[in-house]
Amino acid sequence: MSFIHSIKFRFTIWYLLVLAVLLTALSVGVYFYLSRSLYRSLDDSLELRSTQLADFPAILETIRQGQFQEELGEIVVLYFYSANQSREVSPTGISIPLSDEFISQAIAGTGLFTTIETAEGEGLRMLAVPVDLGIPELPGEPAPSIPPVLLVIGRSTEQIDQALAGLVRTLIIAVPLAMALAAGGGIFLARRALKPVDQIAQTAQEIEESDLSQRINVNTKDELGRLAATLNQMIARLERAFQRQKQFTSDASHELRAPLAVIEAESSLALQKERPPGDYRQSLETISQETRQMSSLIDQLLTLARADAGKEQWNFTEVNLGKLISNLSADVEVLCQEKGLVCQLGEPPDLVVKGDEGRLRELFMNLLDNAIRYTPPPGTVSVSLSREGQMAMVTVKDTGVGIPAEDIPFIFDRFYRVDKSRSRAEGGTGLGLAICKHIAEAHGGKIEVESQVGAGSTFSVRLPLLPP
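Residues numbered from 1 in each chain as written. Predicted model: local features only at pLDDT ≥ 70, side-chain atom pairs only at ≥ 80, totals over all residues. Heavy atoms only, no water.

A.B. asks: What is the right way to look at the overall build of the protein in this model?
C.D. replies: Secondary structure summary: the protein contains 11 helices and 12 strands in total. Considering the protein as a whole, with its 468 residues, one finds that 36% of them fall into the buried category. (Helix = DSSP H or I, 4+ residues; strand = E, 2+ residues; numbered from the N terminus. Buried < 20%, exposed > 50% of the residue type's maximum accessible area, 1.4 Å probe, protein only.)

A.B. asks: Quick question: what am I supposed to make of a negative patch on the surface here?
C.D. replies: The grouping of Glu-120, Glu-122, Glu-158 and Asp-161 at the surface amounts to a negative patch. Looking at the secondary structure, you find Glu-120 in the loop between strand E3 (112-117) and strand E4 (123-131). Classification of Glu-120 as exposed rests on a relative accessible area of 69%. (Patch = residues over 30% accessible without salt bridge, like charges linked within 9 Å, V, L, I, M, F, W, Y side chains within 5 Å. Areas by Shrake-Rupley, 256 points an atom, 1.4 Å probe, with all protein chains shown as cover. Salt bridge = Lys/Arg side-chain N within 4 Å of Asp/Glu carboxyl O. Lys, Arg positive; Asp, Glu negative; His and termini not counted. Charge placed at Lys NZ, Arg CZ, Asp CG, Glu CD.)

A.B. asks: Mind showing me how you'd approach the pairing of E3 here?
C.D. replies: Each regular strand carries side chains that alternate between the two faces of the sheet. By the bridge criterion, six bridges tie E3 to E4 in an arrangement that is antiparallel. In the strand pairing of E4, Ile-116 is matched with Leu-124. Following E3, the chain reverses through five residues before pairing antiparallel with E4; Gly-121 in that reversal takes a positive phi of roughly 85°. (Pairing = 2+ DSSP bridges.)

A.B. asks: Sorry, what's going on with the sheet that holds strand E11 (residues 446-452) here?
C.D. replies: As a general point, the strands of a sheet are linked pairwise by backbone hydrogen bonds and lie either parallel or antiparallel. The strand order across the open sheet built from five strands is E7-E9-E10-E12-E11, with neighbouring strands paired in mixed fashion. Strands with a single pairing partner mark the edges of an open sheet, and in this sheet they are strand E7 (342-345) and E11. Averaged over neighbouring strand pairs, the angle between their axes works out to 15° when direction is ignored. Pairing of E11 with strand E12 (residues 456-464) involves seven bridges; the strand directions are antiparallel. Bridge pairing in E12 places Glu-448 opposite Ser-460. Together, strand E9 (380-388), strand E10 (391-398), E11 and E12 form the strand contacts of helix H9 (residues 357-373), whose direction differs from that of E12 by roughly 170°. Each of E11 and E12 is contacted by helix H11 (residues 432-442), which is oriented at about 140° to E11, the strand it contacts most. (Axes fitted to C-alpha atoms, helices over the stretch in contact; angles between N-to-C directions. Contact = heavy atoms within 4.5 Å.)

A.B. asks: Help me understand the environment of Cys-436 in this model?
C.D. replies: With respect to the helices and strands, the residue Cys-436 is situated in helix H11. For Cys-436, a relative accessible area of 0% gives the class buried. Separated by 74 residues in the primary sequence, Cys-436 and Glu-362 place their C-alpha atoms 7.9 Å from one another. If we ignore the near neighbours within four places in the chain, the residues touching Cys-436 are Leu-363, Asn-366, Leu-367 and Ile-447.

A.B. asks: Sorry if this is basic, but what is going on with the packing of helix H1 (residues 7-54) against helix H2 (residues 57-64) here?
C.D. replies: Any two packed helices are characterised by how steeply their axes cross, that is the angle between the axes, and by the distance between the axes. The N-to-C vectors of H1 and H2 enclose an angle of 95°; their axes lie 6 Å apart at closest approach. When the interaxial angle is binned, H1 and H2 end up roughly perpendicular. Contacts between H1 and H2 pair Gln-52, Leu-53 and Ala-54 from the former with Ile-59, Leu-60 and Ile-63 from the latter. Residue composition of the contact of H1 with H2, grouped by class: five nonpolar, one polar and no charged. (Parallel < 35°, antiparallel > 145°, perpendicular 65-115°, else oblique. Nonpolar A, V, L, I, M, F, W, Y, C, P; charged D, E, K, R; others polar.)

A.B. asks: Please explain the side chain of Asn-366 as it appears in this structure.
C.D. replies: Along the polypeptide, Asn-366 turns up in helix H9. Assessed through its relative accessible area of 18%, Asn-366 is described here as buried.

A.B. asks: Which parts of the structure should I look at to understand the packing of aromatic side chains?
C.D. replies: For the coordinates displayed, the defined rule picks out three aromatic pairs. Between Trp-314 and Phe-316, the aromatic rings sit 5.7 Å apart at their centres with planes inclined by 25°, giving stacked as the arrangement. With relative accessibility at 24%, the residue Trp-314 sits in the partly exposed group. For the pair Phe-412 and Phe-459, a centre-to-centre distance of 6.4 Å together with 85° between the ring planes defines the contact as edge-to-face. Highlighted residues: Phe-412 in the loop between E10 and helix H10 (420-426) and Phe-459 in strand E12, separated in sequence by 47 residues. (Phe/Tyr/Trp six-rings, centres within 6.5 Å; stacked < 30°, edge-to-face > 60°.)

A.B. asks: For this particular structure, what's the right way to read the nonpolar core?
C.D. replies: A general tendency of soluble globular proteins is for nonpolar side chains to be buried together. In this structure, Leu-321, Leu-360, Phe-364, Leu-367 and Phe-459 are the most contacted members of the largest nonpolar core, which totals 42 residues. Looking at this core, the elements with two or more residues in it are helix H7 (277-309), helix H8 (321-339), H9, E9, E10, H11, E11 and E12. Considering each element in turn, this core owes the most residues, seven residues, to H9. Leaving out residues up to four positions away in the same chain, Phe-459 has contacts with Leu-367, Val-394, Thr-395, Val-396, Ile-403, Ile-411, Phe-412, Leu-433, Ile-447, Glu-448 and Val-449. Listed in part, the 17 residues of the second largest apolar core include Ile-63, Leu-151, Ile-153 and Leu-164. (Core = buried A, V, L, I, M, F, W, Y, C linked by side-chain atoms within 4.5 Å.)

A.B. asks: What am I meant to see in the state of the cysteines here?
C.D. replies: Among covalent bonds in proteins, the disulfide is the one between the sulfur atoms of two cysteines. If you walk through the whole model with that rule in mind, you get zero disulfides. With no disulfide of its own, Cys-336 lies 4.5 Å from the sulfur of Cys-343, the closest cysteine sulfur. By relative accessible area, Cys-343 is classed as partly exposed at 22%. (Disulfide = S-S within 2.5 Å.)

A.B. asks: Would you mind showing me how to read unusual backbone geometry here?
C.D. replies: In terms of backbone geometry, most residues other than glycine have negative phi values and most peptide bonds are trans. The amide bond that connects Pro-377 to the next residue, Pro-378, takes the cis arrangement and shows omega of -10°. Residue position: Pro-378 is located in the loop between H9 and E9.

A.B. asks: I tried to follow the pattern of salt bridges on my own but got confused; where do I start?
C.D. replies: When their charged atoms lie close together, side chains carrying opposite charge are able to pair. Within the structure shown, the criterion is met by nine salt bridges. Close ionic contact of Glu-448 with Arg-462 constitutes a salt bridge, the shortest N to O distance being 2.9 Å. With Glu-448 in strand E11 and Arg-462 in strand E12, this residue pair connects regions lying 14 residues apart in the sequence. Here Arg-462 falls in the buried class, since its relative accessible area comes to 17%. Look at the salt bridges and you will find they share partners, linking Glu-388, Lys-446, Glu-448 and Arg-462 into a network.

Printed below as a string of structure tokens:
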């Protein structure tokens, strides 16, 4: 990927734009602040100097006579304003071009600042203040007629201009240099900050369907670290899903291989030579039995496949669990009598849940079928229904062979059997309890088991009751 199309480039450009705006604003602010400070300092010095001169009539008289000794870099001029005309007196003979309008405004006020430019292009900062020459009145004589007098003091702004020009030159060099350094630092920091993104992309490219064991190695605690941890969790879920899919395919193939092998063997044996009708009948019965077993397995596989794909069709209605279990009692009693077992069913209360009656019937029949299948005669299979808070609990208990403690955590896994050889002989597929768990969870409930080898098992299904 080209650098100019990368996030690092856009991040650096935005960073430089913001920095350029800030540096420009800072430079302008510094320039105007320094300019105002320097001119303010110069104005203060002019005000102080004007006060020193205006308070001493003798000094003003010296200026009027052209005998005043000015300080270095200073210009002092007296303006006599009469009949809308002005006359200036300067000890050094320097003429300062001030307009009559400015002079009249200064005489009418207490002081006025202005900046002018001489013929040589030099800037002068001027302060004009009206003054009193202090000529005394003689006894018995009329007061002398004295035209208005304006004291003008000027000093060069060359040093201020040089300082501001130096500042501008410094900023012109410093700001681009700072931008260049910031660009280099921004690219470095962007690459360093976004380095985990490159690691994430590289690891993602290396991960394939056949190998999902790799993980993104990003050990930061920032947003990218959390992203890497989230992606690692997603990859772990995908790995488990692929493993379950592979295991599911392998188990399904293994389960289907056995009945197909039996069907093939029986059909081949029946076709090898002429046999008595009884042998043909026996072969057909074996083939039919294996076909039913395979059909049941395929139905269960389709149920779980639809569940995994989220395409199951549910018909949720109000279901009376008491009536549902009572209706199951007839079938359960028949199955128990055929195997010589005792069926115990109390009077179930009327507890109503919201669910799919057909799937709930399948759930309880699977549990009862397992209880009957793995309980040797003379044994007992019992069913009870009770209420626990806002939950209805259906309990299926038997006095069968029980389940070893080390197998209990896995009995709801697909194709898991405690005794694989006996389960196949009993006609089990290893999917019944997995389907039971799926149905219970789809109804917002859960299924649990307690068992002891040789003492039987107790399966408990808890389902949320329908609010009144």
